[in-house]
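Chain by chain, the residues run as shown.
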Amino acid sequence: MNTPISPALSGSFTFLFDATPSASPLNAVVALSKGAQTGYTGFATLVRFNTSGDIDAYNNTKYAAASTIPFAAGVTYHFREVVNASAHTYSVYVTGPSGVEQTVGANFAFRSEQKSVSSISSWAVQANSSNKGSLTACSR
């Protein structure tokens, strides 16, 4: 599911969203891109609920996280994604049921295939087709 962002965002900005996984583990992402995308390589930033039951984000060529942040099915997580489109970097923070914000990743690089993207005009929720669950998300 792609949702347009209008007007497109450039420079430095903060994107806020809530996401609720229906299962844990899961393989699903909330991602930002220039234009609507259907494949992971088209997304500049990706925040993932992963198959190990943790939250991570894409950094240049692979998923990584500053620390292990487990997630639970049916729980809503609040995300703050700080993007610098000009520098092609982003930082991701998540607040779970404890109410404490945790760093998923700081100054992560856009996905390598999107390293020249200088504006963001779409966000998407995408789950792997082999999932036994889903991810719902809404921007704040």
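Our structure is the block above this text.
Residues numbered from 1 in each chain as written. Predicted model: local features only at pLDDT ≥ 70, side-chain atom pairs only at ≥ 80, totals over all residues. Heavy atoms only, no water.

Visitor: I'm lost on the environment of Ala57 in this one. Help?
Guide: Tracing the backbone shows Ala57 in strand β5 (residues 55-59). Its relative accessible area of 0% is what places Ala57 among the buried residues. Excluding its chain neighbours within four sequence positions, the residues that come into contact with Ala57 are Leu46, Val47, Lys62, Tyr63, Ala64, Tyr90, Val92, Val104 and Phe108. (Helix = DSSP H or I, 4+ residues; strand = E, 2+ residues; numbered from the N terminus. Buried < 20%, exposed > 50% of the residue type's maximum accessible area, 1.4 Å probe, protein only. Contact = heavy atoms within 4.5 Å.)

Visitor: Before we go on, may I ask you to explain the environment of Gly133 in this structure?
Guide: Looking at the element boundaries, Gly133 is found in the loop between β10 (119-127) and β11 (135-139). Linking Gly133 and Arg80, residues 53 residues apart in sequence, is a C-alpha distance of 24 Å.

Visitor: Sorry if this is basic, but what is going on with the nonpolar core here?
Guide: Buried together is how nonpolar side chains tend to be arranged in soluble globular proteins. Within the largest apolar cluster, 38 residues are counted, with the highest numbers of intra-cluster contacts made by Phe49, Ile55 and Phe79. Broken down by element, this core gets its largest block of residues, 5 residues, from strand β3 (residues 28-33). Ile55 has contacts with Val47, Arg48, Phe49, Ala65, Ile69, Phe71, Tyr77, Phe79, Val94 and Val104, leaving out every residue within four places of it along the chain. (Core = buried A, V, L, I, M, F, W, Y, C linked by side-chain atoms within 4.5 Å.)

Visitor: Quick question: what am I supposed to make of the sheet that holds β5 here?
Guide: Backbone-to-backbone hydrogen bonds pair the strands of a sheet. The strands run either parallel or antiparallel. Read from one edge of the open sheet, 6 strands run β1-β10-β3-β4-β5-β6, paired in antiparallel fashion. Two strands bound the open sheet, and with one partner strand each, they are β1 (2-10) and β6 (62-64). Across the sheet, the axes of successive neighbouring strands diverge by a mean angle of 25°, strand direction being ignored. Inspection of the sheet shows strand β4 (residues 45-49) paired to β5 by 3 bridges, in the antiparallel sense. Within β5, the residue paired with Arg48 across the bridge is Asp56. (Pairing = 2+ DSSP bridges. Axes fitted to C-alpha atoms, helices over the stretch in contact; angles between N-to-C directions.)

Visitor: Which parts of the structure should I look at to understand the pattern of salt bridges?
Guide: Think of it this way: side chains of opposite charge can pair up when their charged atoms draw near. The full count for this structure, using the stated rule, is 4 salt bridges. The closest approach of N and O atoms between Arg80 and Glu101, which form a salt bridge, is 2.8 Å. With Arg80 in strand β7 (residues 77-84) and Glu101 in strand β9 (residues 101-109), this pair connects stretches of sequence that are 21 residues apart. In this structure, Glu113 engages Arg111 in a salt bridge whose closest nitrogen and oxygen atoms are separated by 2.9 Å. (Salt bridge = Lys/Arg side-chain N within 4 Å of Asp/Glu carboxyl O.)

Visitor: Where do I start with the side chain of Ser122 in this structure?
Guide: As for its position among the elements, Ser122 is in strand β10. Reaching out from Ser122, the side chain makes a polar contact with the backbone oxygen of Thr3 at a distance of 3.4 Å. (Polar contact = N/O pair within 3.5 Å; in protein donor to acceptor, adjacent residues only side chain to side chain.)

Visitor: Please explain the side chain of Thr45 as it appears in this structure.
Guide: Counting through the fold element by element, Thr45 comes out in strand β4. Residue Thr45 is classed as buried on the basis of its relative accessible area of 0%. When sequence neighbours within four positions are dropped, the list of residues in contact with Thr45 reads Val30, Ala31, Leu32, Glu81, Tyr90 and Phe110.

Visitor: Just checking my understanding: could you explain the environment of Asn128 for this structure?
Guide: Counting through the fold element by element, Asn128 comes out in the loop between β10 and β11. On the basis of relative accessibility, which here comes to 27%, the residue Asn128 falls in the partly exposed class. Beyond its immediate sequence surroundings of up to four residues, Asn128 is in contact with Asn27 and Tyr40.

Visitor: It is not clear to me how the sheet that holds strand β8 (residues 89-95) should be interpreted in this structure. Could you clarify?
Guide: The sheet built from 5 strands is open, its strands ordered β9-β8-β7-β2-β11 with antiparallel pairing. Strands at the two margins of the open sheet, each flanked by one partner only, are β9 and β11. Here the strands of the sheet are splayed against their neighbours by 20° on average, with no regard to which way each runs. Relative to β11, strand β2 (residues 12-21) runs antiparallel, the two being bridged by 5 bridges. Its bridge partner being in β11, Thr20 is matched across the sheet by Thr136.

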